[in-house]
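Geometric and topological summary
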Amino acid sequence: MITSISILVRDRLSRPLLQMRDSAATTGPLAWSFWGGATEPEDVDHAHTAARELEEELAIVASPADFIEIGRRTGSDGKEAALMLLPRPVEWGDFRVLEGAGAGFFHLHEIRQLPVTKSLAWYLANRPDVFLPSQNR
């Protein structure tokens, strides 16, 4: 059962937009991460979670139907998390950072140099293809 989601958002150059977690974050403080969060009882499914979280964190309004699941992982706690792609490009000025310490667009080789959360590290090690432009469907 999926208990949380991560969201991959890209710009028109296919660079992922990552979140810098703030120092008060319970997981991954001061590390770069995907956007996203835990499922809530009112979420119909994980696509609804993605739409809700994207609006809460970046003030981007999207329909659950806009998302494509491109990955799934099981954390060390045994809980499943889905990686959801928003296929339309997002540029500076299209969003406002409402959670975290900041945001940045990065190429894969740049992401590999950053301090990252366990979730993002797992995708770098096991599914680096999700960071490549071919994942824009």
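Use the structure listed above.
Residues numbered from 1 in each chain as written. Predicted model: local features only at pLDDT ≥ 70, side-chain atom pairs only at ≥ 80, totals over all residues. Heavy atoms only, no water.

**Digging into the nonpolar core**
- In terms of nonpolar packing, the biggest core is built from 20 residues, with Ile7, Leu54 and Phe67 touching the most fellow members.
- For this core, the secondary-structure elements that each account for two or more residues are strand E1 (2-10), helix H1 (46-58) and strand E6 (80-85).
- With five residues, the single largest contributor to this core is H1.
- Setting aside residues no more than four positions away along its own chain, Leu54 makes contact with Ile7, Val9, Ala59, Ile60, Ala62, Phe67 and Leu86.
- Within the second largest apolar cluster, 16 residues are counted, among which are Leu18, Leu85, Tyr123 and Leu124. (Core = buried A, V, L, I, M, F, W, Y, C linked by side-chain atoms within 4.5 Å. Buried < 20%, exposed > 50% of the residue type's maximum accessible area, 1.4 Å probe, protein only. Helix = DSSP H or I, 4+ residues; strand = E, 2+ residues; numbered from the N terminus. Contact = heavy atoms within 4.5 Å.)

**Overview of the environment of Glu55**
- Position of Glu55 relative to the elements: it lies in helix H1.
- Along the backbone, Glu55 and Val97 are 42 residues apart, and their C-alpha atoms lie at a distance of 10.0 Å.
- When residues no more than four places from it in sequence are discounted, the contact partners of Glu55 are Ile60, Val61 and Leu98.

**Topic: helix H3 (residues 118-126)**
- Every buried residue of H3 is listed here: Ser119, Leu120, Tyr123 and Leu124. Looking down the long axis of H3, one finds its buried residues gathered within 140° of arc, a one-sided arrangement. Opposite the buried face of H3, at more than 90 degrees from it, the exposed residues are Lys118 and Ala125.
- The secondary structure elements touched by the buried residues of H3 are E1, strand E2 (16-20), strand E3 (32-33), strand E5 (68-74), E6 and helix H2 (108-111). (Arc of directions from axis to C-beta.)

**Let's talk about unusual backbone geometry**
- Unusually for a residue other than glycine, Ser14 sits at a positive phi of about 70°.
- Secondary-structure assignment places Ser14 in the loop between E1 and E2.
- Of note, Leu30 is a non-glycine position whose phi angle comes to about 60°, a positive value.
- Take Leu30: it is sitting in the loop between E2 and E3.

**Focus: the pattern of salt bridges**
- Tallied over the full model, the rule gives nine salt bridges.
- For Asp66, the salt bridge identified is with Arg88, shortest N-O distance 3.6 Å. Of this pair, Asp66 sits in the loop between H1 and E5 while Arg88 sits in the loop between E6 and strand E7 (102-105); the two residues are 22 residues apart in sequence, bridging distant segments of the chain.
- Residues participating in the shared-partner salt-bridge network are Asp43, Arg52, Glu53 and Glu56. (Salt bridge = Lys/Arg side-chain N within 4 Å of Asp/Glu carboxyl O.)

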